[in-house]
Amino acid sequence: MQLDKVLRQFPQEVFEKGQAIFRLGEVAKHGYIVLDGIVKIYICDRLGIERRLFSAHRYDMVPSGWLADPSRPMRYHYAAYDRVILARIQPAQFRAILTQVPDALIALLIAQDD
């Protein structure tokens, strides 16, 4: 099973370097899986200085807990560190694909450890 083939079934969005993907406090209408590039996940301190916390790479889901609770506001800022290609996911569509291709979830979880 090729994970890329499964993820190509989702619409793709491109974000250029520095472009915001999600902002702190925003409630996302959808989540993303990183297909290419790096997403920086950060906060700004009291002085407005950006403090990078994490990076999301190929096959990482951003925000990571979004499928479990899509109504939860963002706890961090998400932006393209470089040019990023993301697969846009909705919970129902994601579940439907996982029902059709159950190995996709295992492949996605394994890929996140690589």
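Right above here is the structure, for reference.
First, a word on scope: everything that follows refers to the structure included in this document.

Reading the values: rules and limits
Residues numbered from 1 in each chain as written. Predicted model: local features only at pLDDT ≥ 70, side-chain atom pairs only at ≥ 80, totals over all residues. Heavy atoms only, no water. Pairing = 2+ DSSP bridges. Helix = DSSP H or I, 4+ residues; strand = E, 2+ residues; numbered from the N terminus. Axes fitted to C-alpha atoms, helices over the stretch in contact; angles between N-to-C directions. Buried < 20%, exposed > 50% of the residue type's maximum accessible area, 1.4 Å probe, protein only. Arc of directions from axis to C-beta. Core = buried A, V, L, I, M, F, W, Y, C linked by side-chain atoms within 4.5 Å. Contact = heavy atoms within 4.5 Å.

**As for the sheet that holds strand E5 (residues 50-56)**
Two pairing modes exist for strands in a sheet, parallel and antiparallel, and in both the strands are linked by backbone hydrogen bonds.
Phase 1: Strands sit in the order E2-E7-E4-E5 across an open sheet of 4 strands; the sheet is antiparallel. On the outer flanks of this sheet lie strand E2 (20-22) and E5, each paired with one strand and no other. Within this sheet the neighbouring strands show an average axis-to-axis angle of 35°, counted without direction.
Phase 2: Bridging between E2 and strand E7 (residues 77-80) involves 2 bridges; their strand directions are antiparallel.

**What about helix H2 (residues 91-100)?**
Phase 1: For H2, every residue scored as buried is listed here: Pro 91, Phe 94, Ile 97 and Leu 98. For H2, the arc enclosing every buried residue in end-on projection is 130°, short of the 170-degree limit, so these residues lie on one face. In this structure, H2 carries Ala 92, Thr 99 and Gln 100 as exposed residues pointing more than 90 degrees from its buried face.

**Details of the pairing of E5**
Phase 1: Summarising the sheet, strand E4 (residues 39-44) and E5 pair through 6 bridges and their orientation is antiparallel. In the sheet register, Tyr 42 faces E5, and the bridge partner there is Arg 52.
Phase 2: Where E4 folds back onto E5 in an antiparallel hairpin, the turn is made up of 5 residues, including Gly 48, whose phi is positive at roughly 85°.

**As for the nonpolar core**
Phase 1: Formed by 33 residues in total, the largest nonpolar core has its most connected members in Ile 21, Ile 33, Val 39, Tyr 78, Leu 86 and Phe 94.
Phase 2: Residues within four places of Ile 21 in sequence aside, it is in contact with Phe 15, Glu 26, Tyr 32, Val 39, Tyr 78, Ala 79, Ala 80 and Leu 86.

**A closer look at the sheet that holds strand E6 (residues 61-62)**
Phase 1: Taken together, 4 strands build an open sheet; the order of strands is E1-E8-E3-E6 and the sheet is antiparallel. One side of each edge strand has no neighbouring strand; the edge strands of this open sheet are strand E1 (12-15) and E6.
Phase 2: Note that strand E3 (residues 31-36) and strand E8 (residues 84-89) share 5 bridges and pair antiparallel. Its bridge partner being in E8, Val 34 is matched across the sheet by Leu 86.

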